[in-house]
Each structure stands twice: as structure tokens, then as C-alpha cells.
Amino acid sequence: MKQAANSYATPPNTARFLPTLLDEASRPFRNGGHFAYHYARGKLSSDCIFRELLRRGIFPAEGRFLDLGCGQGSLFAWLLAARKLYENGHWPSDWAAAPKPLSLRGYELMQKDVDRASGAFGTNHPIVDIRQGDMCQVDFGQADVVTILDALHYFDHAGQTDVLKRIHAALPPGGIFLTRVGDAGAGLPFYICNWVDRAVTFIRGHRLPTLYNRKLADWVELLESIGFTIDAQPMNEGKPFANVMLVCRVAAKSAQG
Ligand SMILES: C[S@@+](CC[C@H](N)C(=O)[O-])C[C@H]1O[C@@H](n2cnc3c(N)ncnc32)[C@H](O)[C@@H]1O
């Protein structure tokens, strides 16, 4: 496993660009209602993972995306806005090129979130398709990038193993599975993170959840046993949490195939 140091330097051109990207990404949610709009703005501006995914160029140049536990589709709005600004030549010179999404499919358990996504993207969007579904049950089809941001720990360990195996099977050689998990071995930051998670989940209309966490080393061991290569990067900027972004790659085919 590769473990990267935290690097969150925000050069001036990035600081100037981010408000433009945020405006563009949150605009669709105006059609999804007051809550959808302000939730998207809050989430996209306060959670460093959205910026870092683009800045670090983690996704392939183009591809079919599948987001599991996608909520109202904030990640997809972010990717669409990024590509639009990039194609219009409005893009920080020190960022990787914005990926070109060929399709953006999402599954979300809560119908309320799916309704907000429909309000934002419409029900007949050329590439966005967000449906109500339980990731433990739906067919993933094929994708080049699969993402699960902060949603893997809501179901039990056997379910997690099954979902991760099916994600691996849905990806081609060179495909990427990107997730963020809490490191249950991190002590106090993990307990704070867990407490906040339970409170927010309750407020969002779920019952007080049982959360199925693992230590970082156990997540990595599981993912490697399934066939992924893992790059682990802390992803908490400004928050006393124990969140780690795991970039999990399926080995590319060798020259011999
Ligand atoms: C913390 S929220 C994150 C939402 C989104 N990934 C984001 O970053 O904005 C976790 C989401 O996962 C959803 N979720 C939990 N278990 C799920 C499952 N088994 N299948 C699909 N979605 C699920 C929840 O309803 C919730 O919307």
C-alpha cells in the first residue's frame, strides 16, 4: 500500500477559481429546491475531497462513472461543472485536466435524495442517471470509475465484502474504485467522526444507525485480497476526523495481456 502525505496547499489561482466552480456545480440544484441548493453548496465547499479529486487528477481522462450511495448527486454536478469550465478554458494551470464523464450513473437508498437529484438534473439528462436502489442488491453493470463516498460503513461486513467484490468485477483493467472510510484504529478523531456521522444520519431521516467500521489496515487487507492496489491518503482538511481516501486500482493488463 502506498500512503501519501497530506498536501493541501491552496495557491492563489486555485483560491480564485474555486468560487466559480462552486457556483457552476451548485446551480442545477436551484431546481431541486432550497434545501438541495444549500446542501450542495455547503457540501462541495466544505469537503476537501471534491477539490482534491480534481486537483490531483485521480480520475482517468474520460470514463463511465458509477457513484454508490450518491445522495442527491453532488459529485456528478461537480464533475459536470469542472468539465464545462475546463472546455471553456477556465481552469487552474496547475490542476490536472478535468475528466470527461461519458456516463454518470448513481444509486441512492433514500428516495428523497433521488427526487432532489431529479429536480437538479431532470429525468431525461443525456448522461446523468440517478436511481433509488440499495447498493447491496443492484446490478452494477460496467464502469471505468466506481465511487463510494462515506457510505460503505452503513451495512455489515459480509455485505461490504460482497459489494467490493462486485465493484472489482464491474471495472476493467486499469479501472478505479475510489472510496473514503473512517479509520477505526485512529482513536479520538475516529470517535468524533463516528458521533457526527450518527447524528447527521439520524437528522437525514434514518434510524440511529449501527455503523460497520474497520481499521485502515483491515480495509486495505480486504481490498488487496480482492485484487485492488491501494493508495491511501488522509482526507479531513480542517476537521478533527479520521477519514482516509482510498484510491483502489485494478491492475492494468500487461503487454502480454
Ligand atoms: C454520508 S451520505 C454521502 C452522500 C454522497 N456520497 C455525498 O458524498 O454527498 C451517505 C449516503 O449513502 C446512502 N446509503 C447508505 N446505505 C446505502 C445503500 N445500501 N445503498 C445505497 N445508498 C446507501 C445514504 O442514504 C446517504 O445518502
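Before reading further, recall that the structure is shown in the block above.
Read on for a plain summary of the structure. Just so it is clear, the model here is predicted, and its values are computed rather than measured.

With that out of the way, let us pick up the side chain of Glu 52. Position of Glu 52 among the secondary structure elements: in helix H3 (residues 48-55). Glu 52 gets classed as buried once you look at its relative accessible area, which sits at 0%. Among the polar contacts listed, one links the side chain of Glu 52 to the side chain of Arg 55, at a separation of 2.8 Å. There is a polar contact of 2.7 Å between the side chain of Glu 52 and the side chain of Arg 56.

Relative to each other, helix H6 (residues 157-170) and helix H8 (residues 216-226) sit at 45 degrees, their axes nearing to 10 Å. On the basis of the axis angle, H6 is oblique to H8. Considering only the axes of H6 and H8, their crossing is right-handed. From H6, Gln 160, Thr 161, Leu 164, Lys 165 and His 168 reach across to H8, where they touch Trp 219, Leu 222, Leu 223 and Ile 226. Its residues placed into classes, the contact of H6 with H8 shows 5 nonpolar, 3 polar and 1 charged.

The rules behind the values
- Residues numbered from 1 in each chain as written.
- Predicted model: local features only at pLDDT ≥ 70, side-chain atom pairs only at ≥ 80, totals over all residues.
- Heavy atoms only, no water.
- Helix = DSSP H or I, 4+ residues; strand = E, 2+ residues; numbered from the N terminus.
- Buried < 20%, exposed > 50% of the residue type's maximum accessible area, 1.4 Å probe, protein only.
- Polar contact = N/O pair within 3.5 Å; in protein donor to acceptor, adjacent residues only side chain to side chain.
- Axes fitted to C-alpha atoms, helices over the stretch in contact; angles between N-to-C directions.
- Parallel < 35°, antiparallel > 145°, perpendicular 65-115°, else oblique.
- Left-handed = near helix turned anticlockwise from the far one by under 90°.
- Contact = heavy atoms within 4.5 Å.
- Nonpolar A, V, L, I, M, F, W, Y, C, P; charged D, E, K, R; others polar.

So far we have only geometry, and geometry alone does not tell us how the molecule works.
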